[in-house]
Amino acid sequence: MPQQRLAQRLHGIAPTIFSEMSALAMRTGSVNLGQGFPDVDGPPAVIAEAVRALEGGQNQYAPGLGVPALRQAVARHQHRHYGIELDPDIEVVVTTGATEGIAAALLGLVDPGDEIIVLEPYYDSYVAMIQMAGGVRRPVTLRAPDFRLDPDELRAAVTDRTQFVLLNSPHNPTGTVLTRAELQAVADLAVERDLVVITDEVYEHLTYDAEHVPISTLPGMAERTLTLSSAGKSYSFTGWKVGWASGPRELVQAVLAAKQWLTFTSGSPLQPAVAHALDEAPGFPRQLAAALRERRDRLCAGLTEVGLDVRVPQGTYFATTDISALGWADGLAFCLALPERAGVVAIPHQVFHDGPAGDQLVRWAFCKEPDVVEEGLRRLAAADLRA
């Protein structure tokens with residue numbers, strides 16, 4: 001038998017924490033406040049459109065760029081919400097979720113040795129795909145308790161080898177929504193140093209106390225910004241994995257150049273359903289955000305009651321706590337002990353950091369049904385959480 005082998009490009013990349021902790025939740029019967037997926041599906045009318053597409057014969061390969069109806073709906077969405085003008089035939093490509101969009105963008109644009117500025121803590125797929133592309137990540141840390149972008153740290157991270165900024169706002173895992181001033185600092189640097197910005201905006205409609213501003217709308221940024229988003233979070237169809245990348249033709253073509261060798265295409269009957277969602281159910285994300293705000297407030301209040309220092313998020317599905325008040329110095333150890341102590345699962349920030357800034361931070365998801373959030377809080381309140 002040949003020895004087990006792993007390509008060098010994958011060395012040091014751990015299995016995703018989300019699979020590990022969700023499996024732990026199932027194995028222990030714990031309330032899963034870790035992985036960010038909702039308990040209830042999106043609009044029934046959108047599901048009905050998918051059924052019609054399935055039964056209507058839309059079950060073969062979609063075009064590599066994506067179904068025209070969805071590309072056109074994405075262009076209308078960007079114009080309706082942000083005043084962004086896109087040609088759906090050359091400036092939009094459909095991806096298998098934003099995760100593939102990130103992968104294809106980095107594989108299609110990054111050369112070995114290119115440096116990419118990334119906001120830390122960062123979603124784990126960023127780290128994996130930068131490494132697979134041969135890039136070098138240059139973290140700029142959003143530091144507790146406020147998790148704001150420091151323009152001086154941003155500027156200090158740039159070297160002669162820096163080619164890209166990988167941005168995420170609304171930001172997972174901290175819930176920060178970058179202000180217009182913070183985005184302007186990124187834009188000023190990108191224009192000055194001729195950098196391309198790849199921006200992950202999957203939580204664009206799930207904001208609570210702040211306005212989401214696409215960086216591509218700032219002066220000088222439309223021609224150098226590749227925007228990624230999806231229907232998964234905004235419409236509660238995370239399992240459909242239908243996303244898109246949009247921006248200048250040359251950046252979109254780079255995504256397509258890599259994507260055609262990844263999935264080529266996917267979700268043929270789901271794409272027209274997502275087009276229907278964008279065009280015919282534009283109010284659903286706003287209703288979802290209102291419901292999530294209530295769950296956010298309840299979760300944050302409950303976490304405070306059990307002795308955790310809570311940072312109330314401005315957006316996304318997630319709230320972050322500092323566990324040091326309970327005597328813990330290691331978030332991973334806390335999260336691994338939590339199912340046995342309380343029957344609850346959460347996610348440690350350490351997996352999103354290179355350095356020690358996240359050691360005592362833990363992420364909790366509030367995208368669950370209210371009774372699930374309440375049960376999680378009840379279990380936490382009844383447990384001894386001290387180190």
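Computed from a predicted structure; not experimentally measured.

1. As for the domain arrangement of the protein
Link 1 in the chain: Each assigned domain of the protein is listed with its residue range as follows: domain 1 (8-42 + 284-382) and domain 2 (58-281).
Link 2 in the chain: On a C-alpha basis, the centres of domain 1 and domain 2 stand 24 Å from each other.
Link 3 in the chain: Contacts between the two partners involve 38 residues from domain 1, matched on the other side by 40 residues from domain 2.
Link 4 in the chain: Summing both partners gives a buried area of about 3200 Å² for domain 1 against domain 2, and 57% of it is carried by carbon and sulfur.
Link 5 in the chain: Our count for the domain 1 to domain 2 interface comes out at 3 salt bridges.

2. So, helix 1 (residues 17-28)
Link 1 in the chain: The end-to-end C-alpha distance of helix 1 is 16 Å, a good match for the 16 Å that 12 residues give at a rise of 1.5 Å each.
Link 2 in the chain: Buried residues along helix 1 sit in contact with strand 1 (31-32), helix 5 (124-133), helix 11 (331-342), strand 11 (344-345), strand 12 (347-348) and strand 13 (361-365).
Link 3 in the chain: Count one or two residues on from helix 1 and you reach Gly-29, which has phi positive near 70°.

3. Quick notes on the sheet that holds strand 10 (residues 318-322)
Link 1 in the chain: Strands sit in the order 9-10-13-12 across an open sheet of 4 strands; the sheet is antiparallel. Looking along the sheet, the strands with just one partner apiece sit at the ends: strand 9 (309-311) and strand 12.

4. Description of the state of the cysteines
Link 1 in the chain: Under the criterion given, the structure shown has 0 disulfides.
Link 2 in the chain: In this structure Cys-335 is a free cysteine whose sulfur lies 16 Å from that of Cys-367, the closest cysteine sulfur available.
Link 3 in the chain: By relative accessible area, which is 0% here, Cys-335 ends up buried.

5. Looking at the pattern of salt bridges
If charged atoms from side chains of opposite charge come close, those side chains can pair.
Link 1 in the chain: If you walk through the whole model with that rule in mind, you get 20 salt bridges.
Link 2 in the chain: Linking Arg-52 and Glu-49 is a salt bridge whose minimum nitrogen-to-oxygen distance equals 2.5 Å. Of this pair, Arg-52 and Glu-49 both sit in helix 2 (residues 44-55), 3 residues apart, which is roughly one turn of the helix.
Link 3 in the chain: We note a salt bridge from Arg-295 to Glu-369, for which the minimum N-O separation is 3.4 Å. Pair noted here: Arg-295 is in helix 10 (residues 284-305) and Glu-369 is in the loop between strand 13 and helix 12 (370-382), with a separation of 74 residues, a long-range link.
Link 4 in the chain: Arg-295 gets classed as buried once you look at its relative accessible area, which sits at 15%.
Link 5 in the chain: By relative accessible area, Glu-369 is classed as partly exposed at 25%.
Link 6 in the chain: A cluster of three or more residues bridged by salt bridges with shared partners is formed by Asp-209, Arg-293, Arg-296 and Asp-297.

6. Digging into the UniProt feature "domain: Aminotransferase class I/classII large" (unreviewed entry) in the protein
Link 1 in the chain: Sites flagged by UniProt as "domain: Aminotransferase class I/classII large" (unreviewed entry) map to residues 31-378.
Link 2 in the chain: Spanning residues 31-378, this segment combines 39% helix with 16% strand, and its end C-alpha atoms are found 11 Å apart.

7. Considering the side chain of Arg-71
Link 1 in the chain: Inspection of the secondary structure puts Arg-71 in helix 3 (residues 68-82).
Link 2 in the chain: With sequence-adjacent residues up to four places away left out, Arg-71 is seen in contact with Leu-65, Gly-66, Pro-88, Asp-89, Val-92 and Val-94.

8. Let's talk about the packing of aromatic side chains
Link 1 in the chain: By the definition in use, this model includes 12 aromatic pairs.
Link 2 in the chain: Note on Tyr-61 and Phe-264: the rings are 6.0 Å apart at their centroids and 80° apart in plane angle, and the pair reads as edge-to-face. With Tyr-61 in the loop between helix 2 and helix 3 and Phe-264 in the loop between helix 8 (249-259) and helix 9 (270-280), the pair connects residues that are 203 residues apart, well separated along the chain.
Link 3 in the chain: Through a chain of ring-to-ring contacts, the aromatic side chains of Phe-18, Tyr-123, Tyr-126 and Phe-352 assemble into a single cluster.
Link 4 in the chain: Sitting above the plane of the Phe-37 ring, Lys-368 keeps its charged end 3.6 Å from the centroid.

9. As for the environment of Val-74
Link 1 in the chain: For Val-74, the location among the structural elements is in helix 3.
Link 2 in the chain: A relative accessible area of 1% means that Val-74 is categorised as buried.
Link 3 in the chain: Along the primary structure Val-74 and Leu-278 are separated by 204 residues, whereas in three dimensions their C-alpha atoms are 7.2 Å apart.
Link 4 in the chain: Aside from chain neighbours lying at most four places away, what touches Val-74 is Val-92, Trp-244 and Leu-278.

The rules behind each value
Residues numbered from 1 in each chain as written. Predicted model: local features only at pLDDT ≥ 70, side-chain atom pairs only at ≥ 80, totals over all residues. Heavy atoms only, no water. Domains from an automatic or database assignment. Contact = heavy atoms within 4.5 Å. Buried area = accessible area lost by both parts, 1.4 Å probe. Salt bridge = Lys/Arg side-chain N within 4 Å of Asp/Glu carboxyl O. Helix = DSSP H or I, 4+ residues; strand = E, 2+ residues; numbered from the N terminus. Expected span 1.5 Å × (residues − 1). Pairing = 2+ DSSP bridges. Disulfide = S-S within 2.5 Å. Buried < 20%, exposed > 50% of the residue type's maximum accessible area, 1.4 Å probe, protein only. UniProt positions renumbered as here; feature names shortened; annotations may be inferred. Phe/Tyr/Trp six-rings, centres within 6.5 Å; stacked < 30°, edge-to-face > 60°. Lys NZ or Arg CZ within 6 Å of the ring centre and 35° of its normal.

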